[in-house]
Amino acid sequence: MRRKGHRLAVAGGAALIASSALAGCGSGDGGVTINVYKYPQENFQKIVDDCNERADGYRIVYHKLPREADGQREQMVRRLAAEDPGMDVLGLDVTWTAELAKAGWIREFTGRARTEVENGTLETPLETARYDGKLYGAPDNTNVQLLWYRGDLVPTPPKTWDEMIDQGSSLKQQGKPGLVEATGKQYEGLVVLYNTLVRSAGGRILDEDGTKAVVDDGAVKALEVLKKFATSDVVDPSFSNAVEDDARLAMEGGKAAFMLNWPYVYAAAQSVPDLAKNLKWAPFPSIDGGDAKVTVGGVNYGVSAFSPHPDQSFDAVLCLRNAEHQKFAAINDGVPPTIESVYEDPEMAEPYPMKDAILDTLKNASVRPRTPAYQNVSTVISTILSPPGDIDPARTADRLRTELQDALDSKGVLP
């Protein structure tokens, strides 16, 4: 495998932009084209240009996938099933690793490529890139939710769900905004919320192999917490239809004191000065006062099993996701890095004032159930839990256990 461009010291975002502006017919203008398929990331082309300046004997071309995850997966799965040789590097949602690896559609990272990916990368993002003990992806960016709150209303942020509900109720009794915004619509956001509660309660939805539906006592406890929240006086009436932006807009509109959401809301809040000056953050609330195990999101790079240029593809991945480029993407596109050293860079302090909270959360985070049937598992969970106010913990757990096992065994019809 040829190595050239990815071995450079970390430089600032401004330096990357300057070098990209000079990108023309550099050393990357060889006869080999490496086609990279990724979601629309605003400043990603600058990273591609920079890697092309460094590439040895190949040139990277960026192809934008649909914005929505379902559309991305549909396009890639269709082409991979047809063994399309025109796809080389794939930007994969963290939930797709097991499915594509099991199908034999993405290559394992081995040898030097694996060593360089694992070196300095946070463990939980790495877990999203593994299947059956092997590494099939290179974490590019990650994500974790935090508790966002209004400092003018809440002097001390709650540490548990019970404390958060009590504080919100107290604010409402005083005639102040006290709602808690979260994602309760029947979609992946509800699955993420439930998985965080399950793992925070020490529970599991599936076994370690992803072949058996467990839904243990911790999973039942999570149902109890979700039910209590969904039927409390601090839940937004639109909770059962809310996605991330609905929660953000409600907070920006002055309806809420608390919000459970991703870090992108900080940059968005800067356009609302009255909120921005009071918007604070804290660790995600736990169930029992310990550390919450927040579910990670993000994107991993995979290399197609049908790429005719695997060596160059692995080399391109190492450049696209190196520390320099992860820092640039964090500062310019707001996506949290997966390489720990990037969080220590002084230039991260201003655009990412919550970087320490993100890093601490990542070190104790959790992954979603790992199974090649994840899409089916997610559909079952979101359907059974919707609307959250109708949850009956014991009965809902029994139904989850039965229907998830059917989904894993490819029995019956998905809801």
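Residues numbered from 1 in each chain as written. Predicted model: local features only at pLDDT ≥ 70, side-chain atom pairs only at ≥ 80, totals over all residues. Heavy atoms only, no water.

Draft legend 1. Up close: the nonpolar core. With 81 residues, the main nonpolar core has Trp161, Tyr194, Phe229, Ile381, Leu385, Leu400 and Leu404 as its most contacted residues. If one sorts the elements of this core by residue count, helix α9 (residues 217-230) sits on top with eight residues. The contact partners of Trp161, leaving out residues within four places of it in the chain, are Leu193, Leu197, Val225, Phe229, Leu260, Phe284, Pro285 and Ser286. Core analysis: the next-biggest nonpolar cluster, separate from the first, contains 32 residues, Ile34, Tyr39, Leu126 and Phe314 among them. (Core = buried A, V, L, I, M, F, W, Y, C linked by side-chain atoms within 4.5 Å. Buried < 20%, exposed > 50% of the residue type's maximum accessible area, 1.4 Å probe, protein only. Helix = DSSP H or I, 4+ residues; strand = E, 2+ residues; numbered from the N terminus. Contact = heavy atoms within 4.5 Å.)

Draft legend 2. Structural context of helix α8 (residues 188-200). Compared with the 18 Å implied by 1.5 Å per residue over 13 residues, the 18 Å span of α8 between its first and last C-alpha is a close match. Taking burial as the measure, the 13 residues of α8 include 11 buried ones, the bulk of the element. Among the residues of α8, Gly189, Leu190, Val191, Val192, Leu193, Tyr194, Asn195, Thr196, Leu197, Val198 and Ser200 are the ones counted as buried. On its buried face, α8 sits against α7 (161-173), α9, α16 (374-384) and α17 (393-408). Looking one or two residues beyond α8, the residue adopting positive phi is Gly202, at roughly 75°. (Expected span 1.5 Å × (residues − 1).)

Draft legend 3. Main features of the sheet that holds strand β10 (residues 279-282). Pairing is mixed across the open sheet formed by four strands, whose spatial order is β8-β9-β7-β10. At either end of the open sheet lies a strand with only one pairing partner, and these are β8 (179-181) and β10. Strand-to-strand twist in this sheet, taken as the mean axis angle between neighbours without regard to direction, amounts to 25°. Sheet topology places strand β7 (residues 146-150) next to β10; four bridges connect them, and they run antiparallel. The residue of β10 that forms the bridge with Tyr149 is Lys280. (Pairing = 2+ DSSP bridges. Axes fitted to C-alpha atoms, helices over the stretch in contact; angles between N-to-C directions.)

Draft legend 4. Main features of helix α15 (residues 355-362). Judged by how many residues are buried, α15 sits mostly within the fold: six of eight residues are covered. Of the positions making up α15, those classed as buried are Lys355, Ala357, Ile358, Leu359, Thr361 and Leu362. Along its buried surface, α15 packs onto α6 (123-128), β6 (138-143), β7 and β10.

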